[in-house]
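Read off the chains here:
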Amino acid sequence: MNENFDNKAATWDANQQRVIRAKELFDKILEVIPVGEDMSILDFGCGTGLLGFNFAPHVKHVTFADTSAKMLEQVEQKALKLRYNNCTTLNLEKSQITRQYNIIASLLTLHHITEFETAIINLLDSLTPGGYICLCDLDPEDGSFHREQVPHCGIQRRRIHTLLEARGIQIISNTAGITINKTIDNLEKEYTTFLIIGKKLTE
Ligand SMILES: C[S@@+](CC[C@H](N)C(=O)[O-])C[C@H]1O[C@@H](n2cnc3c(N)ncnc32)[C@H](O)[C@@H]1O
């Protein structure tokens with residue numbers, strides 16, 4: 001049950017900036033890692049699938065995983081509309097990730113997870129040897145980004161960098177991700193994000 005995001009699902013894509021930013025992030029990922037037609041991709045915390053659908057035309061399969069059933073309904077409707085038959089959804093409230101993926105990508109989800117480090121460690125188990133993990137999330141912010149309370153007001157890059165390295169992941173890239181502009185109390189505010197890409201070494 002994920003009431004907050006269930007309530008937001010139907011209108012999530014009405015904010016065109018989200019669509020544009022997800023494409024921008026996809027392009028940044030493509031600059032760093034190869035994406036091939038034999039690959040399976042996991043979009044973790046996919047929402048309506050804004051990041052994962054960028055991969056879909058180029059790869060074998062995309063799994064869209066989220067804890068919001070309503071977000072996943074949006075993904076399913078979109079896949080039908082776009083006639084993509086290589087997309088499946090995974091409701092993480094009901095099922096676990098069991099497959100192995102060549103690329104695991106996540107956009108703006110980790111700060112919504114209290115134990116995000118545990119979540120990342122679990123994701124690494126689902127990465128094929130030689131696979132890539134691509135994590136984009138908010139840099140630390142002053143708490144104004146959300147109206148509601150969230151587990152983390154951004155995440156320090158070094159926490160993720162250190163965790164990945166400690167797990168034997170080679171850091172391929174640790175850079176700025178997308179930038180998000182919001183008007184808060186009539187003031188324009190800019191929120192930065194990071195994009196950390198790591199590679200699981202082959203045994
Ligand atoms: C800010 S939204 C981002 C959605 C999408 N990645 C995007 O950028 O449009 C965060 C998403 O994380 C999902 N989420 C929250 N907790 C989660 C968890 N523990 N595991 C997986 N997804 C989760 C929410 O349901 C929501 O769809």
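Computed from a predicted model, the values in this text were never measured in an experiment.

Turning our eyes to something else, we now look at the overall build of the protein. Counting its secondary structure elements, the protein contains six helices and seven strands. Traced from its N-terminal end to its C-terminal end, the protein shows the element sequence α-α-β-α-β-α-β-β-α-β-α-β-β. Its C-alpha radius of gyration of 16 Å places the protein within 12% of the 17 Å reference for a compact globule of 203 residues. Seen along its three principal axes, the alpha-carbon backbone of the protein occupies a region of about 50 × 40 × 30 Å. When the 203 residues of the protein are sorted by exposure, 36% land in the buried category. For the protein, long-range pairs separated by at least 24 residues make up 68% of all intrachain contacts whose partners lie at least 6 apart in sequence.

A word on the site of the ligand. Surrounding the ligand, one finds 19 residues, the nearest of these being F5, G45, G47, S68 and T109. Its residues assigned to classes, the shell around the ligand comprises 10 nonpolar, seven polar and two charged.

With 50 residues, the main nonpolar core has L25, C134 and C136 as its most contacted residues. Among the elements that take part in this core, strand β5 (residues 127-138) stands out by supplying seven residues, more than any other. Every residue in contact with L25, bar those within four places of it in the chain, is listed here: L51, L107, C136, G177, I178 and L195.

The residue R83 is not glycine, and still its phi comes out positive at about 60 degrees. Looking at the secondary structure, you find R83 in the loop between α4 (69-82) and β3 (87-91). Unusually for a residue other than glycine, L108 sits at a positive phi of about 60 degrees. Counting through the fold element by element, L108 comes out in the loop between β4 (101-107) and α5 (116-125). What makes L108 buried here is the crowd of 22 C-beta atoms within 10 Å.

Spatial ordering of the open sheet is given by β3-β2-β1-β4-β5-β7-β6, a layout of seven strands whose pairing is mixed. At either end of the open sheet lies a strand with only one pairing partner, and these are β3 and β6 (169-184). Each strand axis lies, on average, 15 degrees off the axis of its neighbour in the sheet, ignoring direction. As paired strands, strand β1 (residues 40-44) and strand β2 (residues 61-66) are joined by five bridges and run parallel to one another. Each residue of the ladder has a partner; that of D43, found in β2, is F64. Strand contacts of α4: β2 and β3, with the helix running at about 170 degrees to β3, the strand carrying the most contacts.

Reading the values: the criteria
- Residues numbered from 1 in each chain as written.
- Predicted model: local features only at pLDDT ≥ 70, side-chain atom pairs only at ≥ 80, totals over all residues.
- Helix = DSSP H or I, 4+ residues; strand = E, 2+ residues; numbered from the N terminus.
- Rg over C-alpha atoms; globule rule 2.2 N^0.38 Å.
- Buried ≥ 20, exposed ≤ 12 C-beta atoms within 10 Å, placed from the backbone.
- Contact = placed C-beta atoms within 7 Å.
- Near = placed C-beta within 6 Å.
- Nonpolar A, V, L, I, M, F, W, Y, C, P; charged D, E, K, R; others polar.
- Core = buried A, V, L, I, M, F, W, Y, C linked by C-beta atoms within 7 Å.
- Pairing = 2+ DSSP bridges.
- Axes fitted to C-alpha atoms, helices over the stretch in contact; angles between N-to-C directions.

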